[in-house]
Amino acid sequence: MDAPAVFTDAEFYQRSFDPQEYLKEFYSLSDSQGQPNTFLMQNLRSLFEMFSLEGLRGDTLIDVGCGPTIYQLLSACERFREIIALDYTDQNRRELEKWLKNEAGAFDWSPVVKYVCELEGDREKWAEKEEKLRQKVREVLKCDVTKANPTDPVSLPPADCLVSTLCLEAACKDLATFRSALRNVGALVKPGGHLVMVTVLGETYYAFNKQVFSCLRLERHMVEEAVEGAGFDVKFSEVQKYLSDDIRADCESVLSLVARKRASITG
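Structural notes, computed from the coordinates. Just so you know, these numbers come straight off a predicted model, no measurement behind them.

Overview of the packing of helix α8 (residues 175-186) against helix α9 (residues 220-229)
In helix packing, the relevant descriptors are the interaxial angle and the interaxial distance, both defined with respect to the helix axes. For the pair α8 and α9, interaxial distance at closest approach is 8 Å and the crossing angle is 40°. One finds that α8 runs oblique with respect to α9. The handedness of the crossing between α8 and α9 is right-handed. Together, L175, F178, R179, L182 and R183 of α8 and M222, V223, E225, A226, V227 and G229 of α9 make up the contact between the two elements.

A few points about the environment of Q211
Relative to the helices and strands, Q211 is located in strand β7 (residues 211-214). Overall, Q211 belongs to the partly exposed group, its relative accessible area being 24%. Separated by 70 residues in sequence, Q211 and L141 place their C-alpha atoms 25 Å apart. Sequence-distant contacts of Q211, defined by excluding residues within four places in its chain, comprise F12, S16 and Y206.

A word on the pattern of salt bridges
In the structure shown here, the tally under the stated rule is 18 salt bridges. With a closest N to O distance of 3.4 Å, E21 and K24 form a salt bridge. On the criterion of helical spacing, the pair formed by E21 and K24 is a turn pair, its members being 3 residues apart in helix α2 (residues 19-26). Overall, the relative accessible area of 26% leaves E21 in the partly exposed class. Exposure remark for K24: the relative accessible area of 55% places this residue in the exposed category. One connected set of salt bridges, linked through shared partners, spans E78, E120, K129 and K132.

Calculation notes
- Residues numbered from 1 in each chain as written.
- Predicted model: local features only at pLDDT ≥ 70, side-chain atom pairs only at ≥ 80, totals over all residues.
- Heavy atoms only, no water.
- Axes fitted to C-alpha atoms, helices over the stretch in contact; angles between N-to-C directions.
- Helix = DSSP H or I, 4+ residues; strand = E, 2+ residues; numbered from the N terminus.
- Parallel < 35°, antiparallel > 145°, perpendicular 65-115°, else oblique.
- Left-handed = near helix turned anticlockwise from the far one by under 90°.
- Contact = heavy atoms within 4.5 Å.
- Buried < 20%, exposed > 50% of the residue type's maximum accessible area, 1.4 Å probe, protein only.
- Salt bridge = Lys/Arg side-chain N within 4 Å of Asp/Glu carboxyl O.

Structural measurements only, silent on function.
Here's what the structure looks like:
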């Protein structure tokens, strides 16, 4: 399979991205053949480790490019008092709201929640964690990472932490756009606050439901330099190889990164 000839833009997502099919395809802990979802489990372990780091706590966490998913918030919700989730497409935000409101037909995240609770030492606390997360997500807002204020016309007070998983590489057509988007979202974090990222490296596409979506092919140094250029100091950076013959994506490895915002861009 090849990447789309023209990078899939925001409007393509708004028109063509089906959140329910996406969740079915990528967010079960095992596939129809019973094979474990190593990509998801690896990312859950990385998020657990990163949100266990010293200083990763506070009042407000912003999730940029949440999509229709909650997995990226399962460890985070133990460390922050409130969460604001941001995504571009209306249908992703609606799908997320469905789970938050415990509506019929919402995706069943319980196997994933149980897995994270197991990492944290008590698998039986999964229902409690679901309830905690539902209470902590205060707002679900539209965002556009290419805007200087991604939540325009809403202005958010600077947050203690920003998490972004598998978002910017799919939203940015080239490195200049990626660097600019990181500066835009980085402005949502207060000085001394943190940025937590999970980013795929070496990927040009991912596919599901007979649709192919573009991905900006990144390398570790490109991401780290862009993070530094957005006013952050990288505190933790780890690359894990993705060894798979999965044809739904051509990902080579996954970068997990934590960075701390400097007191000033030049400081």
